[in-house]
Amino acid sequence: NDKQVPPFYELQNGDRVNIVTAEDAVPQREWLACAFLRSTRNRLSAHFRKQTKEKDRAVDLAAALATAATAAAALPLVH
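Residues numbered from 1 in each chain as written. Predicted model: local features only at pLDDT ≥ 70, side-chain atom pairs only at ≥ 80, totals over all residues. Heavy atoms only, no water.

Caption draft 1: Structural detail: the overall build of the protein chain. The secondary structure content of the protein chain amounts to 2 helices and 0 strands. Across its three principal directions, the C-alpha atoms of the protein chain cover 80 × 25 × 15 Å. Here the protein chain holds 79 residues, and the buried ones make up 4% of them. Of the accessible surface of the protein chain, which amounts to about 7800 Å², a share of 57% is contributed by carbon and sulfur atoms. (Helix = DSSP H or I, 4+ residues; strand = E, 2+ residues; numbered from the N terminus. Buried < 20%, exposed > 50% of the residue type's maximum accessible area, 1.4 Å probe, protein only. Areas by Shrake-Rupley, 256 points an atom, 1.4 Å probe, with all protein chains shown as cover.)

Caption draft 2: Local environment of a nonpolar patch on the surface. Taken together, the side chains of Val5, Tyr9, Leu11, Val17 and Ile19 make up a nonpolar region of the molecular surface, amounting to roughly 510 Å² of accessible area. Its place among the elements puts Ile19 in the segment before helix H1 (31-34). Owing to a relative accessible area of 68%, Ile19 belongs among the exposed residues under this scheme. (Patch = residues over 30% accessible without salt bridge, like charges linked within 9 Å, V, L, I, M, F, W, Y side chains within 5 Å. Salt bridge = Lys/Arg side-chain N within 4 Å of Asp/Glu carboxyl O.)

Caption draft 3: Main features of a positive patch on the surface. Judged by side-chain charge, Arg49, Lys50, Lys53 and Arg57 come together as a positively charged surface patch. Tracing the backbone shows Arg49 in helix H2 (residues 38-74). Taking relative accessible area as the criterion, Arg49 reaches 51% and is therefore assigned exposed. (Lys, Arg positive; Asp, Glu negative; His and termini not counted. Charge placed at Lys NZ, Arg CZ, Asp CG, Glu CD.)

Caption draft 4: Spotlight on the layout of surface pockets. Empty space within the largest pocket amounts to approximately 1100 Å³. Val5, Pro6, Pro7, Val17 and Asn18 are, among the 23 residues lining the largest pocket, the residues nearest its centre. (1 Å grid on protein atoms, 1.4 Å probe; cavity = no way out; pocket = protein on both sides within 12 Å on 5 of 7 lines; lining within 4 Å. Points joined across faces, edges and corners; volume = space filled by probe spheres on them.)

Caption draft 5: Up close: the environment of Lys3. With respect to the secondary-structure elements, Lys3 resides in the segment before H1. Residues Lys3 and Thr70, 67 residues apart in the sequence, show an inter-C-alpha distance of 59 Å.

Caption draft 6: Molecular detail of the environment of Tyr9. You can see Tyr9 is positioned in the segment before H1. On the accessibility criterion, Tyr9 (39% relative accessible area) is partly exposed. Taking the C-alpha atoms as reference points, Tyr9 and Arg38, 29 residues apart in sequence, are found 19 Å from one another.

Caption draft 7: Structural view of the environment of Arg43. Tracing the backbone shows Arg43 in helix H2. Its relative accessible area of 69% is what places Arg43 among the exposed residues. Along the backbone, Arg43 and Leu32 are 11 residues apart, and their C-alpha atoms lie at a distance of 9.7 Å.

Next comes the structure, spelled out in structure tokens:
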């Protein structure tokens, strides 16, 4: 009704909603506690699982590269 409220404000009958978004907006973990619908919680959980897997893959890749670089540095030079 033409006034800004916190994201987790409980709507009343007759309230009008204008959702303001940003290009760089991303879900936050605290949204899970306020998600009313199971489907919403599932989608948020899936997003966070995917995000965690991507971070884990990046860490594994960095570890593999570091191990390969260390192993390559330990090889004797052959003339």
